[in-house]
Amino acid sequence: MRLSRYFLPVLKENPAEAQIVSHRYMLRAGMIKQQAAGIYSWLPLGFRVLKRIEEIVHQEQVRAGHIPLLMPTLQSADLWRESGRYDDYGQEMLRIIDRQKREMLYGPTNEEMITDIFRSHVNSYKDLPLTLYHIQWKFRDEMRPRFGVMRGREFLMKDGYSFDIDKDAALHAYNRHMVSYLRTYERMGLTAIPMRAASGPIGGDNTHEFLVLAQTGESEVFYDDRVTALKLGQRDIDFDDRAVVADVCKEFTTLYARTDETHDVTAFEAVPEHHRKVGRGIEVGQIFYFGTKYSEAMGAMVVTPDGSRVPVEMGSHGIGVSRLLGAIIEASHDDKGIIWSEEVTPFPVGIVNLKQGDGAADAACEGLYKALATKGLEALYDDRDERAGAKFATMDMIGLPWRITVGPRGLASGVVEVTSRRTGESEEVSPEAAVARIAQIYAGV
Ligand code: ATP
Ligand code: MG
């Protein structure tokens, strides 16, 4: 993409309404525009990152054996009356009346709808286990939308629903989700710690939230700091192997890690003092086993091997896809702007032409741009007639992990400069070597 033809409305000043760094930088980098309280347009740069995050979420769900589908944003109130939640949900639900005077709502979540799909088509244990998920916009009329995409009213969520014949199988689905989530966050460069969550009126302790540590997080968290060193890495996990999956979950949930909602002072004090940490965290996901709450209320029954009919065992599992952009920026930035990882960056590399209009510099940039494209790498080429300082400031703000800087002086000695956004380190290499270097970096991504 040539920047002269792109749409990147970068802001020079800090917007007054943004209280936290991710919100400020998303506005400054021209990623989003607020349209109403908690409702945003995703401008081209933000949209690119959102799509990349969505793609990682999809890949890890499919890897775990879960099946994508797409349900609508608008739902019928009647469905929610069946579960009793139409009246219970309260003010957070946006209620809509259509021209036939039918009561509708903009879905805040999809348990009722997926249960309806399930009961219409599945009635035997032979069709289980089954996990269906989608990535779809939700609406919750939050009391205090704030912090940009972190607490929006309209936001993108991955929500998955597991259906199993009995509790053991349902808990395996829960564990599968935990492991797939750990890998999802890790791929985005995040350390998201599973913390036992409060289960509310349903009971049981089979719910975990995933928290990314950040000063600006809305939850207070208490943890053994050794938990931050745990990594899933490249382990090849057989998601059908209950014992293997359960062992991974155990590894990641044994050390103390709780939010203020479930904090247990006595258990926390058993953690060696120098490992005890209190901080703040951003909730980027939650998994939940709730058994037959919806299947019983809505008649989603399955025949067991011995011929009896039982309500199907369910769980629901969510990832805050749009919130993740904010969480990633909170975790990875400096005073000049965002620092994306190779996995989520909107463009793999930026090209800065220090002297637009200089024949040699223009030709070298064009050459780099095309050579990168043939390797499947779409560079963002700053071909504007701007000062070098302004070009660097833009590149630093939008946070591409790599920059190739091209100027007449370097070219005279046959080199361009390759710079890492994260470390600030540069090396001077030939244009061919620069392309090879960037291609090598992205070979494993
Ligand atoms: P919170 O406690 O932050 O209000 P929640 O527990 O109500 O969130 P869930 O129903 O667990 O949310 O939704 C799954 C995920 O969706 C959350 O873990 C979070 O990452 C994301 N999410 C929830 N509400 C919002 C929101 N208003 N804006 C952006 N993302 C959200
Ligand atoms: Mg939650």
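Note that the coordinates shown come from a computational prediction; the quantities given were computed from them, not determined experimentally. Within each chain, residues carry numbers counting from 1 in the order of the written sequence. Each chain is given a letter, starting from A, and each ligand a number, starting from 1, according to the order in which they appear as written. This being a predicted model, a pLDDT of at least 70 is required before a residue's local features are given, and a value of 80 or more before pairs of side-chain atoms are given or counted; all residues contribute to the totals for chains, interfaces and linings. Excluding hydrogens and water, the side-chain figures rest on all heavy atoms present in the structure.

Asks: I'd like a description of the overall build of the protein chain, backed by residues and values.
Replies: Secondary structure counts use DSSP, requiring at least four H or I residues in a row for a helix and at least two E residues in a row for a strand, with both numbered from the N terminus. Scanning the protein chain for helices and strands turns up 14 helices and 23 strands. This radius of gyration counts C-alpha atoms alone. The globule rule is 2.2 Å times how many residues there are, raised to the power 0.38. In terms of overall size, the protein chain behaves like a compact globule, its C-alpha atoms giving a radius of gyration of 24 Å where 445 residues would be expected to give roughly 22 Å. Oriented by its inertia axes, the alpha-carbon framework of the protein chain measures out at about 80 × 60 × 40 Å. Contacts were defined at the residue level, with two residues in contact if any of their heavy atoms lie within 4.5 Å. Taking the intrachain contacts of the protein chain between residues at least 6 apart in sequence as the baseline, contacts between residues at least 24 apart amount to 71%. Counting only carbon and sulfur atoms, one obtains 49% of the accessible surface of the protein chain, whose full area is about 19,900 Å². All tallies of charge rest on Lys and Arg as positive and Asp and Glu as negative; His and the ends of each chain are not included. For this purpose, a charge sits on NZ of Lys, CZ of Arg, CG of Asp or CD of Glu. Distance between charge centroids for the protein chain: 4 Å, based on 54 positive and 64 negative side chains. For the area figures, the Shrake-Rupley method with a 1.4 Å probe applies, and any residue is considered shielded solely by the protein chains shown.

Asks: Which residues make up the domain arrangement of the protein chain, and what values do they have?
Replies: When cut into domains, the protein chain gives domain 1 (3-338) and domain 2 (349-443). Domain segmentation is taken from an automatic or database assignment of domains. Look at where the C-alpha atoms of domain 1 and domain 2 centre, and you get two points 38 Å apart. Between domain 1 and domain 2, the residue contacts involve 15 residues of the former and 13 residues of the latter. Accessible-area loss on putting two parts together, using a 1.4 Å probe and summing over both, is the definition of buried area adopted here. Approximately 1,200 Å² of surface area, both sides summed, lies buried where domain 1 meets domain 2, with 58% of it carried by carbon and sulfur atoms. Contact with domain 2 buries area across many residues of domain 1, yet Leu-3, Lys-336 and Ile-338 alone supply 44% of it, more than any other trio.

Asks: How would you explain the pairing of strand β6 (residues 103-106) if you had to name every residue and give the values?
Replies: Only strands that DSSP links by at least two bridges are regarded as paired with each other. In terms of strand pairing, strand β4 (residues 74-76) meets β6 through three bridges, oriented antiparallel. Considered in β6, the bridge of Leu-74 is made with Tyr-106. Pairing between strand β5 (residues 94-97) and β6: four bridges, direction antiparallel. Bridge pairing in β6 links Leu-94 to Tyr-106. Hairpin connection, β5 to β6: the antiparallel pair is bridged by five residues, and Lys-101 has positive phi, about 70 degrees.

Asks: Can you break down empty space enclosed by the protein residue by residue, with the values?
Replies: A 1.4 Å probe that fits but cannot get out identifies a cavity on a 1 Å grid over protein atoms alone, an open set with protein on both sides within 12 Å along at least five of seven lines counts as a pocket, and a residue lines either if it has an atom within 4 Å of a point. Grid points are joined across faces, edges and corners, and a volume is the space filled by probe spheres set on the points. Counted according to the given criterion, the structure contains two cavities of 30 Å³ or more. Of the volumes computed, that of the largest cavity is approximately 90 Å³. Together, Leu-182, Tyr-185, Glu-186, Leu-190, Thr-191, Ala-192, Ile-193, Pro-194, Val-227, Leu-230, Lys-231 and Phe-252 line the largest cavity. Elements represented by at least two residues in the lining of the largest cavity include exactly α6 (167-187) and β9 (192-196). Residues are grouped as follows: Ala, Val, Leu, Ile, Met, Phe, Trp, Tyr, Cys and Pro are nonpolar; Asp, Glu, Lys and Arg are charged; all remaining types, including Gly, are polar. Looking at the lining of the largest cavity residue by residue, the class counts come to nine nonpolar, one polar and two charged. By volume, the second largest cavity amounts to about 50 Å³. Lining the second largest cavity are Tyr-40, Trp-42, Trp-137, Val-149, Gly-152, Glu-154, Phe-155 and Ser-322.

Asks: Before we move on, could you go through the pairing of strand β22 (residues 416-420) and cite the residues and values that matter?
Replies: Buried residues are those whose accessible area, probed at 1.4 Å on protein chains only, stays under 20% of the maximum for their type, while exposed residues exceed 50% and partly exposed ones sit between those limits. By the criterion of burial, β22 is predominantly enclosed, with four of the five residues buried. Here strand β21 (residues 402-406) pairs with β22 via four bridges, running antiparallel. The partner of Ile-404 across the bridge, within β22, is Val-418. For β22 and strand β23 (residues 426-429), the ladder comprises four bridges, and the chain directions are antiparallel.

Asks: Go over the site of ligand 1 with me, naming the residues and quoting the values.
Replies: Near is defined per residue: the residue qualifies when any heavy atom it owns lies within 4 Å of the molecule or strand. By nearness alone, 14 residues border ligand 1, and Arg-140, Glu-142, Arg-151, Gly-152 and Glu-283 come closest of all. Here a polar contact is recorded for every N or O atom pair within 3.5 Å, except that within protein the pair must consist of a potential hydrogen donor and a potential acceptor, and residues adjacent in sequence are included only if both atoms are side-chain atoms. Here an oxygen atom of ligand 1 sits 2.7 Å away from a polar atom, N or O, in the side chain of Arg-151. Within the backbone of Gly-285, one N or O atom sits 3.2 Å away from an oxygen atom of ligand 1. Burial of ligand 1 by the surrounding chains reaches 80%, relative to a free accessible area of 580 Å². Any molecule with more than half of its atoms within 2 Å of a cavity's or pocket's grid points is counted as sitting in it. Its atoms largely coinciding with the cavity grid, ligand 1 occupies the largest pocket. For the shell around ligand 1, the secondary structure elements donating two or more residues are β8 (154-164) and β13 (276-291). A total of four residues in the shell around ligand 1 trace back to one element, the largest contributor, which is β13. Split by residue class, the shell around ligand 1 holds five nonpolar, four polar and five charged.

Asks: An account of the nonpolar core is requested, with residue identities and associated values reported.
Replies: Among buried residues, those of type Ala, Val, Leu, Ile, Met, Phe, Trp, Tyr and Cys that are joined through side-chain atoms within 4.5 Å constitute a nonpolar core. If you look at the biggest cluster of nonpolar residues, it comprises 68 residues, and the most contacted ones within it are Met-31, Ile-53, Tyr-185, Met-188, Phe-210 and Val-284. Top contributing element to this core by residue count: α6, with seven residues. Two domains each provide a minimum of three residues to this core, namely domain 1 (3-338) and domain 2 (349-443).

Asks: Mind laying out the sheet that holds β22, listing which residues take part and the relevant values?
Replies: The sheet built from five strands is open, its strands ordered β20-β19-β21-β22-β23 with mixed pairing. What marks the edges here is a single partner per strand, and that holds for β20 (380-382) and β23. Taken over all neighbouring pairs, the strand axes of this sheet differ in orientation by 20 degrees on average, direction set aside. Axis lines are fitted to C-alpha atoms, over the contacting stretch for helices. Their N-to-C directions set the angle, which ranges from 0 to 180 degrees. Its contacts with the sheet put helix α14 (residues 431-443) on β21, β22 and β23, and the angle it makes with β21 is roughly 175 degrees.

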